[in-house]
Amino acid sequence: MSPRTPGADLPEHPDRLWSAAEPKSSYDVVIVGAGGHGLATAYYLAKNHGITNVAVLERGWLAGGNMARNTTIIRSNYLWDESAGIYEHALKLWEGLEEELDYPLLFSQRGVLNLAHSLQDVRDSVRRVEANRLNGVDAEWLDPQQVKEVCPIVNVSPDVRYPVLGGTFQPRAGIAKHDHVAWGLARAAAALGVEFVEHCEVTGLRVRDGRVTGVETSRGTIMAGRVALCAAGHTSVVAATAGIDLPLQSHPLQALVSELLEPVHPTVVMSNAVHVYVSQAHKGELVMGAGIDAANSYRQRGAFHIIERQMAAALELFPVFARAHVLRTWGGVVDVTPDASPIMGLTPVEGLYLNCGWGTGGFKATPGVGWCFAQTVANDEPHPLNAPFSLDRFVTGALVDEHGAAAVAH
């Protein structure tokens, strides 16, 4: 489906039309967090399971948290079967989501290149390509000249600090417009009866006899049969009010965009060794992201030396970018688990469900998470694709250490 002209027949600020003036006193399901995952969960609860007495509570405004601060990359080329399963499911949903929602998501399958700069990078990358193929995920290994053919502006000279020895390429990967994704999901969920309550901070969980009964908010108590936590950066704080201590650490994650440029960057390029990634948005700005800051923090800004070092590496890979001017920088807060994979599923408290710990991988998983998490909440049983990411894996030792195995962070 070809994207329509954004805004042609759509509201400029659709969340204002859908937000409830006052929440009801009770709902069948309360979802905490109106980011991409909360919105997708609400949509699929209504669409796939007919559960429409749902409230999505947001302490700020709809999709104003990490959903507004991500760098929009979508891919599924992960090493472990568990990771490849959930992300490939998401990518397949992405491929039909614009038509399903009847909303211009600007989903662009321009491919993602993961560069290799050392012999160990090459070995890890080739291993990941073969694992992808076994799982039915499209993946190719490219030599330096083939990398240059896919992205002509990459510097593949051998006498630089980070020489390009090759790279993996997933042609079906790409980018989408994050705010359009949020509005499209909210619009569709609202049409099915879901309510959104903005400026409604959840301050605690109500638990009785081992079962969740509702939430305490800045706008009063709201009773609920089931509660799903989807608040990036704050799920651990809310879960603690029910006596659940989550293995999460919060870190800043920085990014920036350049001034508007003519089309110069045809794909998405990621450098695993230096944790920098670059794409060009539909309007023309370069979108460049850094790796996670090492320090724990809830601040939506990170250390300058982190972004400075990683942008210096980006300039070695893309010398042409030295002529570009920075338009703005920002930071988000991401939760990271000990194995750098998410937590999705049931908790020791009946009727309380977790979706957290996505690190840098949350946006690309959005529709897949919504689909699987909605089924988990509706049936009180994990979907097969999110079952490996249960909370009890930190007790059993069945970790999904994608970062350690593939040198590619979530």
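Reading guide: rules and limits
- Residues numbered from 1 in each chain as written.
- Predicted model: local features only at pLDDT ≥ 70, side-chain atom pairs only at ≥ 80, totals over all residues.
- Heavy atoms only, no water.
- UniProt positions renumbered as here; feature names shortened; annotations may be inferred.
- Pairing = 2+ DSSP bridges.
- Helix = DSSP H or I, 4+ residues; strand = E, 2+ residues; numbered from the N terminus.
- Axes fitted to C-alpha atoms, helices over the stretch in contact; angles between N-to-C directions.
- Contact = heavy atoms within 4.5 Å.
- Phe/Tyr/Trp six-rings, centres within 6.5 Å; stacked < 30°, edge-to-face > 60°.
- Buried < 20%, exposed > 50% of the residue type's maximum accessible area, 1.4 Å probe, protein only.
- Lys NZ or Arg CZ within 6 Å of the ring centre and 35° of its normal.

Where an unreviewed UniProt entry is consulted, the protein chain appears under the name Sarcosine oxidase subunit beta, with the organism given as Nonomuraea turkmeniaca. The heading Subcellular location (unreviewed entry) in the UniProt record of the protein chain holds the text "Cytoplasm". Quoted verbatim from the Sequence similarities (unreviewed entry) heading of the UniProt record, the comment on the protein chain is "Belongs to the SoxB family."

Visitor: I'd like to hear about the sheet that holds strand S15 (residues 285-292), residue by residue, with values.
Guide: Read from one edge of the open sheet, 8 strands run S5-S6-S4-S13-S14-S15-S12-S16, paired in mixed fashion. For this open sheet the edge positions go to strand S5 (140-142) and strand S16 (326-336), each flanked by a neighbour on one side alone. Between one strand axis and the next, the sheet turns through 20 degrees on average, direction left out of account. Examined bridge by bridge, strand S12 (residues 249-260) and S15 share 5 bridges and lie antiparallel to one another. Across the sheet, the residue bridging to leucine 253 is isoleucine 292, located in S15. Sheet strands in contact with helix H4 (residues 119-134) are strand S4 (112-116), S5 and strand S6 (166-170), and its direction is about 155 degrees off that of S5.

Visitor: I'd like a rundown of the packing of aromatic side chains, residues and numbers included.
Guide: To describe a pair of aromatic rings, you give the distance between the ring centres and the angle between the ring planes. All told, the structure shown has 7 aromatic pairs when counted by the stated rule. Seen from their ring centres, tyrosine 78 and tyrosine 87 are 4.1 Å apart, and the 15 degrees between their planes marks the pair as stacked. Of the two residues, tyrosine 78 and tyrosine 87, both sit in the buried class. An aromatic cluster of three or more residues is present, and its members are Tyr43, Tyr44 and Trp371. In this structure, arginine 75 packs its charged tip against the face of tyrosine 78, placed 4.5 Å from the ring centre.

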